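So the chains spell out like this:
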Amino acid sequence: MKSLFANIMKEYEGYKIGKMLCYIQDPEMISFAGGLPSSDVFPLDLIQKTAEKSLQEDPDHVLQYSAIPGEKDLMEAIIDYLQKDNIHIKLENIMITTSGQHGIDLVGRLFLEHKDIIVSDCPTFGGALASFELEDAEYMAKDIEEDGSDVKGMEAGIENLINQGRKPKFIYVVPDFQNPSSITMSLKKRLAILSTSKKYGIPLLEDSPYRELRYKGKNIPSLYSLDKNQGNVIGIYTFSKILCPGLRVGFNIGPSEVVKKFSLIKGASILNTPKLNQDICTAFLREYDLDAHFNRARKYYSEKLNFFLEAMEENFPEDMGVRWTKPEGGLFLWITMPEKINTLELFYEAAKEKVAFVPGEVCYPKGYLKHNTMRINFSYPTKDEIVEGVKRLSFVVKKYLTENRKNISAK
Ligand SMILES: Cc1ncc(COP(=O)(O)O)c(C=O)c1O
């Protein structure tokens, strides 16, 4: 049957993190690999109460097909919620998605033809890469800098591509606490990338799952709010990291002509997002004490982050040549190892010692691979697991370096 698969699917490997997570299903494994928010901060009471109420009071609607663009109640609640972030939109600018990954997929389907070019950071979110690969996309990627995207490099690259008659289709960024690097884009760069987007008429895709998870420093305005409804930005949001991922609810915002198309694509692929799950999100926005919830989540995650950073300081002395980001929010650390370390090889060595991470290579666009980086998730493991896991990781790295040295001297 394989010979009948679509050409693009023949070699398609999917989201490589998924494959790796299967490899580490050992209950003794300490995993820093997933991108999981912690179930300790899920508002279980609210979810249970709302589910019960919806099923009791409105079973006909809850269990029926529902509107493709989403529940009006939820869209209105989101519109109100976004006002505090200085985003002012109407119903025609929003569509409910079945999570952030679905939101990304819709954009790929809407804009990309085979070999179309996406401008992105390097590294960037592996799930987006997997999704855009379905459309056979190519990349013009620039190394992310300490204050976010290399906007000048991107602009020069865009100019070059336009001169070759290959104008990129969109710029994909995660400006707040990027997955995987946890880097946040400065205001200066946000304004610059927006001006690049306007100058060349290339839409800016702002993927924003972590924006509420800031533990220190000042909030920086979103690209969407900076654009002031001029239609250059498409926002991708999800309830996964602020409420819980199991509900699979998110939303895309943007110009009405774009949102209308999203709805048509959604209608042809998954039809609707479960109403019950949307009702829970509406109750979360309308009835829950959001400030208290976010403060609790921020406190919980920032304690874990500080704990992880301390463990790194203790176990990775300067002379090991290992560097890591010091994030102000989000769920990840990005670690750069000495060049001679291949973190994919290290992943299998680490699995033997029962500690896991994501090898950085799943986060690089095609043609931009690097081998010496890794992504760490600090939000899910317990404090004890962090202490033990970082010790194991340090042990594995030291062992790898020693063996590597022996191999080199044996040659
Ligand atoms: C940057 C980014 N975008 C989108 C997603 C997908 O979110 P969801 O779980 O809602 O599909 C994630 C999840 O980790 C992410 O990190």
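Thresholds, definitions, all that
Residues numbered from 1 in each chain as written. Predicted model: local features only at pLDDT ≥ 70, side-chain atom pairs only at ≥ 80, totals over all residues. Helix = DSSP H or I, 4+ residues; strand = E, 2+ residues; numbered from the N terminus. Rg over C-alpha atoms; globule rule 2.2 N^0.38 Å. Buried ≥ 20, exposed ≤ 12 C-beta atoms within 10 Å, placed from the backbone. Contact = placed C-beta atoms within 7 Å. Near = placed C-beta within 6 Å. Nonpolar A, V, L, I, M, F, W, Y, C, P; charged D, E, K, R; others polar. Core = buried A, V, L, I, M, F, W, Y, C linked by C-beta atoms within 7 Å. Domains from an automatic or database assignment. Pairing = 2+ DSSP bridges. Axes fitted to C-alpha atoms, helices over the stretch in contact; angles between N-to-C directions. UniProt positions renumbered as here; feature names shortened; annotations may be inferred. Left-handed = near helix turned anticlockwise from the far one by under 90°.

(A) Looking closely at the overall build of the protein chain. When helices and strands are tallied, the protein chain shows 15 helices and 13 strands. Since a compact globule built from 411 residues should have a radius of gyration of about 22 Å, the 22 Å found for the protein chain is in line with a globular shape. If you line up the protein chain on its principal axes, its C-alpha atoms span 70 × 55 × 55 Å. Out of the 411 residues in the protein chain, the part that is buried amounts to 46%. A fraction of 77% describes how many contacts in the protein chain between residues 6 or more apart in sequence connect residues 24 or more apart.

(B) Inspection of the site of the ligand at higher detail. Inspection of the region around the ligand gives 14 residues, with Ser99, Gly100, Gln101, Thr238 and Ser240 positioned closest. Counted by class, the shell around the ligand contains 4 nonpolar, 9 polar and 1 charged residues.

(C) Highlighting the nonpolar core. Among the nonpolar cores identified, the biggest contains 105 residues, and Ile94, Ile171, Leu205, Cys281, Phe357 and Ile376 are the most heavily contacted of them. Top contributing element to this core by residue count: helix α13 (residues 290–315), with 6 residues. Built from parts of two domains, this core gets at least three residues from each of domain 1 (2–42 + 292–402) and domain 2 (44–289). Beyond its immediate chain neighbours, meaning those up to four positions away, Phe357 contacts Phe32, Ala33, Phe347, Ala350, Met374, Arg375 and Ile376.

(D) Main features of the sheet that holds strand β9 (residues 323–324). Taken in spatial order, the 4 strands line up as β9-β10-β13-β12 in an open sheet, and their pairing is antiparallel. The open sheet is flanked by β9 and β12 (358–359), the only strands paired with a single partner. For β12 and strand β13 (residues 373–377), the ladder comprises 2 bridges, and the chain directions are antiparallel. Each residue of the ladder has a partner; that of Pro359, found in β13, is Met374.

(E) Inspection of the sheet that holds strand β7 (residues 233–238) at higher detail. Sheet architecture is open: 7 strands sit in the order β2-β8-β7-β6-β5-β3-β4, paired in mixed fashion. Of all the strands in the sheet, the pair left with one neighbour each is β2 (94–97) and β4 (138–143). For this sheet, the mean angle separating the axes of adjacent strands, direction not counted, is 20 degrees. Pairing analysis gives 3 bridges linking strand β5 (residues 170–173) to strand β6 (residues 204–207), with the strands arranged parallel. Looking at the pairing, Val173 lines up with Glu206 of β6. In the packing of helix α11 (residues 256–269) onto the sheet, contacts are made with β2, β7 and β8 (250–253), and the angle to β2 comes to roughly 30 degrees.

(F) Quick look at the domain arrangement of the protein chain. Its domain assignment divides the protein chain into domain 1 (2–42 + 292–402) and domain 2 (44–289). Just the C-alpha atoms count here: the centres of domain 1 and domain 2 sit 24 Å apart. Contact residues are listed per partner, giving 36 residues for domain 1 and 35 residues for domain 2. Taken together, the elements giving at least two residues each to the side of domain 1 that touches domain 2 come down to α2 (16–23), α13, β10 (332–336) and β13. Counting residues per element, the side of domain 1 that touches domain 2 draws most heavily on α13, which supplies 8 residues. Of the residues belonging to the side of domain 1 that touches domain 2, the class tally is 21 nonpolar, 10 polar and 5 charged.

(G) View of the UniProt feature "domain: Aminotransferase class I/classII large" (unreviewed entry) in the protein chain. The sites that carry the UniProt feature "domain: Aminotransferase class I/classII large" (unreviewed entry) are, in the present numbering, residues 45–393. In residues 45–393, the share of helix is 44% and the share of strand is 14%. The end C-alpha atoms are 37 Å apart.

(H) Highlighting the pairing of β10. For β10, a buried count of 4 out of 5 residues is recorded, marking the element as mostly surrounded by other parts of the structure. Note: β9 against β10, 2 bridges, orientation antiparallel. Note that in β10 the partner of Arg323 across the bridge is Thr336. Both β10 and β13 contribute to a ladder of 5 bridges, which runs antiparallel. When the sheet's bridge partners are listed, Trp334 is paired in β13 with Arg375.

(I) Quick peek at the packing of helix α5 (residues 72–83) against helix α12 (residues 275–287). At a closest axis distance of 9 Å, the pairing of α5 and α12 adopts a crossing angle of 35 degrees. The hand of the α5/α12 crossing is left-handed. Only Gln278, Cys281, Thr282, Leu285 and Arg286 of α12 make contact with α5, whose side of the interface consists of Asp73, Leu74, Ala77, Ile78 and Tyr81.

(J) Layout of helix α7 (residues 126–133). Most of α7 is tucked away: 7 of the 8 residues are buried. Where α7 is concerned, the buried positions are Gly126, Gly127, Ala128, Leu129, Ala130, Ser131 and Phe132.

(K) Just the environment of Ala356, in detail. Along the chain, Ala356 falls in strand β11 (residues 355–356). According to the C-beta neighbour criterion, Ala356 is buried, with 25 such atoms within 10 Å. The spatial distance from the C-alpha of Ala356 to the C-alpha of Ile30 is 6.3 Å, given a sequence separation of 326 residues. Discounting chain neighbours no more than four positions away, the residues touching Ala356 are Ile24, Met29, Ser31, Phe32, Ala33, Ala350 and Ala351.

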